Amino acid sequence: LFKSLPEGETLIQDFSCALLRDILVQGRMYVSQNWFCFYANILGWETLLTIEVNKITAIKKEKTALVINNAISVSTREEKYFFSSFMSRDSAFEHMSKIWRANSSVSVRAPTDSIET
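Enquirer: Quick question: what am I supposed to make of the overall build of the protein here?
Expert: Counting secondary structure elements, the protein contains 1 helix and 9 strands. When its helices and strands are written in sequence order, the protein yields β-β-β-β-β-β-β-α-β-β. Every one of the 117 residues in the protein was classed for burial, and the buried ones make up 40%. For the protein, long-range pairs separated by at least 24 residues make up 36% of all intrachain contacts whose partners lie at least 6 apart in sequence. For the protein, the exposed area adds up to about 6,900 Å²; of that, 50% sits on carbon and sulfur atoms.

Below you can see the structure in the form of structure tokens.
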């Protein structure tokens, strides 16, 4: 599915979520030791996104519509990605931040809703 990933990259976890682009694209996030990937196929229109974990500068819990706790933003130096519609945002955030911390030197700032380098 993600042909640009190195051979031998193993899936650790996947989550149903949506990527905010021009529209909200419902798909799945796939998390491996070194990559966060997103894939959606809506009526033949495919969306693929790969984010190398060691290029991430911040992961933050977010809200949609200012009140719904179901989103996570992932930032790199070049771009900020907004993922929403997680069934269990806190669980996804914990898995993602744990993998990110293992791959980089990050400082955890209180509250634990946000992690930045």
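Enquirer: Any chance you could explain a nonpolar patch on the surface here in plain terms?
Expert: There is a patch of nonpolar side chains on the surface, built from Ile 23, Ile 42, Leu 43 and Trp 45 and spanning about 470 Å² of accessible area. Relative to the helices and strands, Ile 23 resides in the loop between strand 1 (11–20) and strand 2 (24–32). Classification of Ile 23 as partly exposed rests on a relative accessible area of 48%.

Enquirer: What am I meant to see in the nonpolar core here?
Expert: One recurring pattern in soluble globular proteins: nonpolar side chains tend to sit buried together. Counting residues in each nonpolar core, the largest one holds 24 residues, and the members touching the most others are Phe 36, Phe 38, Ile 51, Ile 72 and Phe 83. Where this core is concerned, the elements lending two or more residues are strand 1, strand 2, strand 3 (35–42), strand 4 (45–52), strand 5 (56–64), strand 6 (68–76), strand 7 (80–84) and helix 1 (89–103). With residues near it in sequence (within four places) discarded, Ile 51 still touches Asn 34, Trp 35, Phe 36, Ile 56, Val 74, Thr 76, Tyr 81 and Phe 83. Ranked by size, the runner-up nonpolar core spans 5 residues in total, among them Phe 2, Trp 35, Cys 37 and Tyr 39.

Enquirer: Looking at this model, I keep getting lost on the packing of aromatic side chains. Mind explaining?
Expert: For any pair of aromatic rings, geometry is given as the distance between the ring centres together with the angle between the planes. Tallied over the full model, the rule gives 2 aromatic pairs. Arranged with centres 6.2 Å apart and planes meeting at 70 degrees, the rings of Phe 15 and Phe 86 form a pair that is edge-to-face. Here the residue Phe 15 occupies a position in strand 1, and Phe 86 occupies one in the loop between strand 7 and helix 1, the gap between them amounting to 71 residues. One exposure class covers both Phe 15 and Phe 86, and it is buried.

Each value, and the rule that gives it
- Residues numbered from 1 in each chain as written.
- Predicted model: local features only at pLDDT ≥ 70, side-chain atom pairs only at ≥ 80, totals over all residues.
- Heavy atoms only, no water.
- Helix = DSSP H or I, 4+ residues; strand = E, 2+ residues; numbered from the N terminus.
- Buried < 20%, exposed > 50% of the residue type's maximum accessible area, 1.4 Å probe, protein only.
- Contact = heavy atoms within 4.5 Å.
- Areas by Shrake-Rupley, 256 points an atom, 1.4 Å probe, with all protein chains shown as cover.
- Patch = residues over 30% accessible without salt bridge, like charges linked within 9 Å, V, L, I, M, F, W, Y side chains within 5 Å.
- Salt bridge = Lys/Arg side-chain N within 4 Å of Asp/Glu carboxyl O.
- Core = buried A, V, L, I, M, F, W, Y, C linked by side-chain atoms within 4.5 Å.
- Phe/Tyr/Trp six-rings, centres within 6.5 Å; stacked < 30°, edge-to-face > 60°.

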